[in-house]
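Fold and geometry: a report
Chain residues, written in single-letter form:
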Amino acid sequence: MQANYIAGQWLNGVSERPNINPSDTEDLVGHYAQADAAQAEEAIAAAHAAAPAWGLSSPQMRADALDKIGSEIQARREELGQMLAREEGKTLPEAIGEVGRAAAIFKFFAQEALRVRGDKLASVRPGIEIEVTREPLGVVGIITPWNFPIAIPAWKIAPALAYGNTVVFKPAELVPGSAWLLADIISRAGLPAGVFNLVMGPGSVVGQALLDDRRVAGISFTGSQATGQRVALAAVKRGAKFQLEMGGKNPLVVLADADLEQAVNCAIQGGFYSTGQRCTASSRIIVERSIYTRFAEHMTELTRALRVGHALKAQTQIGPVVDASQLQQDLDYIAIARQEGARLLAGGELLTLERPGHYLAPALFGDCDNAMRHCQEEIFGPVLSLIPCDSYEHGLKLANDTPFGLSSGICTSSLKHASHFKRNSQAGMVMVNCPTAGVDYHVPFGGRKGSSYGPREQGSYAAEFFTSVKTSYIQA
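Anyway, here's the lowdown on the structure attached to this text.

Moving residue by residue along a regular strand, the side chains alternate between the two faces of the sheet. Most of strand 11 (residues 241–245) sits out of view: 4 of its 5 residues are buried. Relative to strand 11, strand 10 (residues 216–222) runs parallel, the two being bridged by 5 bridges. Among the inter-strand pairings, G218 is bridged to a residue of strand 11, identified as K241. At this point the chain moves from strand 10, through helix 8 (residues 225–238), to the parallel strand 11, and the crossover so formed is right-handed. When strand 11 meets strand 21 (residues 452–453), the two strands line up antiparallel, connected through 2 bridges.

Right, dumping it as structure tokens:
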């Protein structure tokens, strides 16, 4: 059994949980410890005890530790990629790419640790000087989802440590293998005991402990809207800082002047790759009527040609759905779309392959109405909806007609429309002639409306969440 990491020690949990490969449900990846509330409290206590000294530690010490973590992740990217693909179902090239991104994130924040900026200003009162500085929050609880099991933990843990916070990390129950390997690497980076803690276990136990404990000064959460709302309520109740990323229903608008081949590829990559299990995936493809038929025909052809298979096989383009529960949710929404009158153009059926797994043929629906339920609710699977629009203005209106606002895209050769869309799209991230999924690690990540709440993640903007601003007045 792979253990939890608390106060610099590897500790067995009160029980264990099997980790099953979604590409082959007869393949047991391993057994992983499950903590109870007492063990979660032990981790919080360790982080709280370590926080004062770590918060005052040398920036060079923090930079060296993060750089070491990044170097080991990069050196072991094939091994970590294999684990990620095996437990989550992402194809091996995508998995190795995600691991490389995690390494780059740690390297980036190693340098950010040396660039914590402040201000020195003159007072309006004679003889007084003002300093504005940033200080760590203290203990930060980090709760991550299953769809990016090493990149999302990296872009939360790295800035937390870089800015002098201590960490209690609770990964998603479905993907403990990637989290454990990351913790194993962090455990050898030279951090003092208690600065970083891994506590695997149910959200109702470990997550709740992080929400309820007043020693946890901040919560960074990525997951569902329903859980995010519970995080927010608990944090507000006791005055903790919180940061929420909660999904999307992202549009890709395709205008008549777009390069058709490029636009279809943007839709395929953004909507179906990673099995559609990305909060930035484009699930609503809004196409101008004059090219709608041609676009739908080409999209249908390419969708049917996608190769679904075992995540570790070289020819696979689309891996399995992560587990039986998510697969059933996808099937339920496919049934809902049919009932709503959407026309199934391709896929949507279960696939039986060499090994038993959660395989689903990517589903493409045509002639959809944006008001349909499957066009408004996040499915989080390989299910795309084609929605016709009358003009650019109509397409923009449909794109913004959603309770979410994470990522959006437009395919066009018009600088006028591209510029207008960038300014008027109600999303935190906008893509022009590229997929809505796929972002850089050194710039802000986050959305608007129901997608996000609180300061942005990633890049130098991460300091807004992981630090607290202090204003000091000095009279000589």
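This brings us to the pairing of strand 8 (residues 166–170). The buried fraction of strand 8 amounts to 5 of the 5 residues, a majority that puts the element mostly inside the structure. The two faces of strand 8 match: T166, V168 and K170 on one face and V167 and F169 on the other face are all buried. Alignment of strand 7 (residues 139–143) against strand 8, held across 5 bridges, turns out to be parallel. Bridge pairing in strand 8 links I143 to K170.

Formed by 72 residues in total, the largest nonpolar core has its most connected members in I73, F106, F109, I157, F196 and L198. With 11 residues, helix 4 (residues 92–112) is the largest single contributor of residues to this core. Excluding residues that lie within four positions of it along the chain, F106 makes contacts with L66, I69, G70, I73, A154, I157, A158, L182 and I186. Counting 27 residues, the second-largest nonpolar core is a separate cluster that includes A263, Y359, L364 and C411.

Quick look at the packing of helix 9 (residues 260–272) against helix 10 (residues 289–305) now. For the pair helix 9 and helix 10, interaxial distance at closest approach is 10 Å and the crossing angle is 50°. Of the possible angle classes, the one that applies to helix 9 and helix 10 is oblique. Note that helix 9 runs across helix 10; the crossing there is right-handed. Note on element contacts: helix 10 touches helix 9 through R294, F295, H298, M299, L302 and T303, opposite L260, E261, A263, V264, N265, A267, I268 and F272. Of the residues belonging to the contact of helix 9 with helix 10, the class tally is 9 nonpolar, 3 polar and 2 charged.

Right, let's get into helix 3 (residues 77–88). Between the first and last C-alpha of helix 3 there are 16 Å, a value that for 12 residues agrees with the 16 Å anticipated at 1.5 Å per step. Among all positions of helix 3, only L80, G81, M83, L84, A85, E87 and E88 are buried. Elements that come into contact with the buried residues of helix 3 comprise strand 3 (15–21), strand 4 (24–34), helix 2 (59–75), helix 4 and helix 6 (176–186). Directly beyond the C-terminal end of helix 3, a positive phi value near 95° is found at G89.

Right, let's get into empty space enclosed by the protein. Under the defined criterion, the tally for this structure stands at 3 cavities of 30 Å³ or more. The calculated volume of the largest cavity comes to roughly 110 Å³. Lining the largest cavity are 16 residues, with G276, A281, S283, E378 and F380 positioned closest to its centre. Residue assignment for the lining of the largest cavity shows that the elements contributing at least two residues are strand 13 (282–288) and strand 16 (383–389).

Moving on to the layout of surface pockets. There is about 1,100 Å³ of room inside the largest pocket. Residue lining of the largest pocket: 41 residues in total, with W146, F221, G223, S224 and T227 positioned closest to the centre. Residues belonging to the lining of the largest pocket are distributed by class as follows: 18 nonpolar, 16 polar and 7 charged. Empty space within the second largest pocket amounts to approximately 310 Å³. Looking at the second largest pocket, it is lined by 18 residues, and the ones nearest its centre are R101, F148, S274, R278 and G438. Those elements that provide at least two residues to the lining of the second largest pocket are helix 4 and helix 5 (151–162). With 4 residues, the single largest contributor to the lining of the second largest pocket is helix 4. Split by residue class, the lining of the second largest pocket holds 7 nonpolar, 5 polar and 6 charged.

The angle between the axes and the distance between the axes are what describe a pair of packed helices. Where helix 2 contacts helix 6, the two axes come as close as 9 Å, and the packing angle between them is 130°. By the angle class used here, helix 2 and helix 6 are oblique. Considering only the axes of helix 2 and helix 6, their crossing is right-handed. Where helix 2 approaches helix 6, its residues I69, E72 and I73 are matched on the opposing element by L182, I185 and I186.

On to the sheet that holds strand 6 (residues 128–136). Strand order in the open sheet formed by 3 strands is 5-6-22, and the pairing between neighbours is antiparallel. At either margin of the open sheet sits one strand with a lone partner, and together these are strand 5 (119–122) and strand 22 (467–475). Taken over all neighbouring pairs, the strand axes of this sheet differ in orientation by 20° on average, direction set aside. Pairing geometry for strand 6 and strand 22, over 9 bridges, is antiparallel. Bridging from a neighbouring strand, T133 pairs with K470 of strand 22.

For the rest of this paragraph, the subject is the side chain of H358. Along the chain, the position of H358 falls in the loop between strand 14 (343–346) and strand 15 (363–366). Judged by its relative accessible area of 15%, H358 is buried. Contacts of H358, omitting those with residues within four sequence positions, involve P22, T25, P320, V321, V322, D323, A324 and L327.

Strands belonging to one sheet form pairs held by backbone hydrogen bonds; the direction of such a pair is parallel or antiparallel. The 7 strands are arranged 14-15-16-13-12-18-19 in an open sheet whose pairing can be described as mixed. With one partner strand each, in any of the chains shown, strand 14 and strand 19 (429–432) form the two edges of the open sheet. Strand-to-strand twist in this sheet, taken as the mean axis angle between neighbours without regard to direction, amounts to 25°. Pairing of strand 13 with strand 16, which is carried by 5 bridges, proceeds in the parallel orientation. Counted as the bridge partner of I285 is L386 from strand 16. Running over the sheet, helix 10 touches strand 12 (250–254), strand 13, strand 14, strand 15 and strand 16 and is turned about 140° from strand 13.

Rules used in this analysis
- Residues numbered from 1 in each chain as written.
- Predicted model: local features only at pLDDT ≥ 70, side-chain atom pairs only at ≥ 80, totals over all residues.
- Heavy atoms only, no water.
- Buried < 20%, exposed > 50% of the residue type's maximum accessible area, 1.4 Å probe, protein only.
- Helix = DSSP H or I, 4+ residues; strand = E, 2+ residues; numbered from the N terminus.
- Pairing = 2+ DSSP bridges.
- Right-handed = clockwise from strand over helix to strand, strands pointing away.
- Core = buried A, V, L, I, M, F, W, Y, C linked by side-chain atoms within 4.5 Å.
- Contact = heavy atoms within 4.5 Å.
- Axes fitted to C-alpha atoms, helices over the stretch in contact; angles between N-to-C directions.
- Parallel < 35°, antiparallel > 145°, perpendicular 65-115°, else oblique.
- Left-handed = near helix turned anticlockwise from the far one by under 90°.
- Nonpolar A, V, L, I, M, F, W, Y, C, P; charged D, E, K, R; others polar.
- Expected span 1.5 Å × (residues − 1).
- 1 Å grid on protein atoms, 1.4 Å probe; cavity = no way out; pocket = protein on both sides within 12 Å on 5 of 7 lines; lining within 4 Å.
- Points joined across faces, edges and corners; volume = space filled by probe spheres on them.

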